[in-house]
Amino acid sequence: MDLIWVGVYANKDWILGNWIRECSKRLPLQSKIWWSPFSFAKNNWVERYIPPRLPEASAYFFSYPTLFKKYLGQKDIGRKSIVLYTHNEQPELSTDEDQVSLLNKAHSVHFFSSHDASRLKAMGLKSEKIRLVNGAVDIDMSASLFNWDERDKTVLMASKFGYRKGPDKIPSIVRTLPDWKFILLGRGWENFLNETALLSEPNFEYLAFNKQSRNEKFPRSKVFLSTSILEGGPIPLLEAMFSGMFPVVSNTGFAIDLLGSDSKHHVFDISSNTKLICEMISSAFDRSAELHRIACIYSWDRISRIVYQDFLQICMKTIKDRKSTRLNSSHANISYAVFCL
């Protein structure tokens, strides 16, 4: 087996599961996807009974650092491993020092954002292990752009529910901008929406997030909103830019990496009040063609090439190590023979 992709079954139909599938089908390798029942991040008692053993392969790709940590005890697996680092989730990933100690044992670490890469590099992560991959736009996203004036006056949000999505800001924003339509594409938001009575607001709509709803709503909306306090991406930001939406997003993940010098129009601090966010939404303007061009750079082919380059490096290092071992063994045999003489 050339390469084993190690993912978490719960993420099979979400971003990280899709990441593995898209990359695996692009590489000219004999590979297999290994779906783990756990991320090994929650210290569930059941995890202690899962044998930490993977099939033998030339290289391994781990979609989460805690998966890598779980299987690190297997012989030679560290130097053969590529680890995907989405975001700094603590206490799951332990301290920065612990993360650096763990990740320095891998061949390479693929970071969603330069912020996380720089943080861990400053703590001691070896620079030669760092790869900045950001993310990719799904190939089934529509490439045709609606004219700005033809788009609905809609603010679109897309995410699973969770504390790090910054949900507390959303009700105030929706109620402050009654002339804007808000659509939330997601999963698991039902309790929050009932508690905040957002579903009763005439300018708010909640729909299940799937490729059909994404492909229908993204191209027709004007603004993409993310109020998260912690992200790797978010990946929907890339897809929103590809669709020509104007991003208004918190300073998390790869927002600054993608938006660069123009981030002042799009990126707010996570401590910003809702008044500022509403002003940014109201000031949105047409940058659809430019944002689309930026997003087109971020393809699955690009990420797959980075994985493939790492795979070749791992194989070359393995060959070199084997030659060195054989050479040392030969020297030992010669020395022994001379001693006997």
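1. Section: the packing of helix α8 (residues 235-242) against helix α11 (residues 288-296)
Put simply, α8 and α11 touch, their axes get as near as 7 Å, and they point 130° apart. On the basis of their axis angle, the class for α8 and α11 is oblique. Contacts from L238, M241 and F242 in α8 reach L291, H292, I294, A295 and C296 in α11. Each residue belonging to the contact of α8 with α11 can be placed in one class, and the counts come to seven nonpolar, one polar and no charged.

2. With respect to the layout of surface pockets
Within this model, the largest pocket holds a volume of roughly 1200 Å³. Lining the largest pocket we find 46 residues, and of these N11, W14, I15, K160 and R164 sit closest to its centre. Those elements that place two or more of their residues in the lining of the largest pocket are α1 (15-24), β7 (152-160), α7 (211-217) and α8. Among the elements that take part in the lining of the largest pocket, α1 stands out by supplying five residues, more than any other. Across the lining of the largest pocket, the residue classes tally to 20 nonpolar, 11 polar and 15 charged.

3. Details of the packing of aromatic side chains
Under the counting rule described, the total for this entry stands at 15 aromatic pairs. Following the ring pairs from residue to residue traces out a cluster consisting of F40, Y60, F62, F68 and Y71. Looking at R220, its charged tip hangs above the ring of F146, at a distance of 4.4 Å from the centre.

4. As for helix α10 (residues 274-282)
By the burial criterion, the buried members of α10 are T274, I277, C278, M280 and I281. On an axial view of α10, the arc spanned by its buried residues comes to 160°, and they lie on one face. On its buried face, α10 is in contact with β7, α5 (170-176), β10 (221-226), β11 (246-250) and β12 (267-268).

5. So, the confidence of the model for the protein
On average, residues of the protein carry a pLDDT of 91, and 92% of them reach 70 or more. Overall, residues 334-341 carries pLDDT values under 50, and its contacts beyond four positions in sequence, including any with other chains, amount to zero contacts.

6. So, the side chain of H107
Residue position: H107 is located in the loop between α3 (96-103) and β5 (108-111). When its relative accessible area of 14% is taken as the criterion, H107 is described as buried. Discounting residues that sit within four places of it in the chain, H107 has contacts with G78, R79, S81, K129, R131, D310, Q313 and I314.

7. Re the environment of N88
Inspection of the secondary structure puts N88 in the loop between β4 (81-85) and α3. On a C-alpha basis, the gap between N88 and I20 in space is 20 Å, while along the polypeptide they are 68 residues apart. The contacts of N88, once residues within four sequence positions are left out, are L93, D96, Q99, D116, R119 and L230. Within the structure, the side chain of N88 is placed 3.4 Å from the side chain of Y85, a separation counted as a polar contact.

8. Some remarks on the pattern of salt bridges
Summed over all chains, the structure comprises 22 salt bridges. Linking D76 and K75 is a salt bridge whose minimum nitrogen-to-oxygen distance equals 3.0 Å. When its relative accessible area of 66% is taken as the criterion, K75 is described as exposed. When the shortest N-O distance is used, the salt bridge between R119 and D116 registers 2.5 Å. Of this pair, R119 and D116 both sit in helix α4 (residues 114-122), three residues apart, roughly one helical turn. Just as R119 is buried, D116 falls in that class too. By sharing partners, the salt bridges in this structure join D138, D140, K211, R214 and E239 into a single network.

Cut-offs applied
Residues numbered from 1 in each chain as written. Predicted model: local features only at pLDDT ≥ 70, side-chain atom pairs only at ≥ 80, totals over all residues. Heavy atoms only, no water. Axes fitted to C-alpha atoms, helices over the stretch in contact; angles between N-to-C directions. Helix = DSSP H or I, 4+ residues; strand = E, 2+ residues; numbered from the N terminus. Parallel < 35°, antiparallel > 145°, perpendicular 65-115°, else oblique. Contact = heavy atoms within 4.5 Å. Nonpolar A, V, L, I, M, F, W, Y, C, P; charged D, E, K, R; others polar. 1 Å grid on protein atoms, 1.4 Å probe; cavity = no way out; pocket = protein on both sides within 12 Å on 5 of 7 lines; lining within 4 Å. Points joined across faces, edges and corners; volume = space filled by probe spheres on them. Phe/Tyr/Trp six-rings, centres within 6.5 Å; stacked < 30°, edge-to-face > 60°. Lys NZ or Arg CZ within 6 Å of the ring centre and 35° of its normal. Buried < 20%, exposed > 50% of the residue type's maximum accessible area, 1.4 Å probe, protein only. Arc of directions from axis to C-beta. pLDDT = per-residue confidence, 0-100. Polar contact = N/O pair within 3.5 Å; in protein donor to acceptor, adjacent residues only side chain to side chain. Salt bridge = Lys/Arg side-chain N within 4 Å of Asp/Glu carboxyl O.

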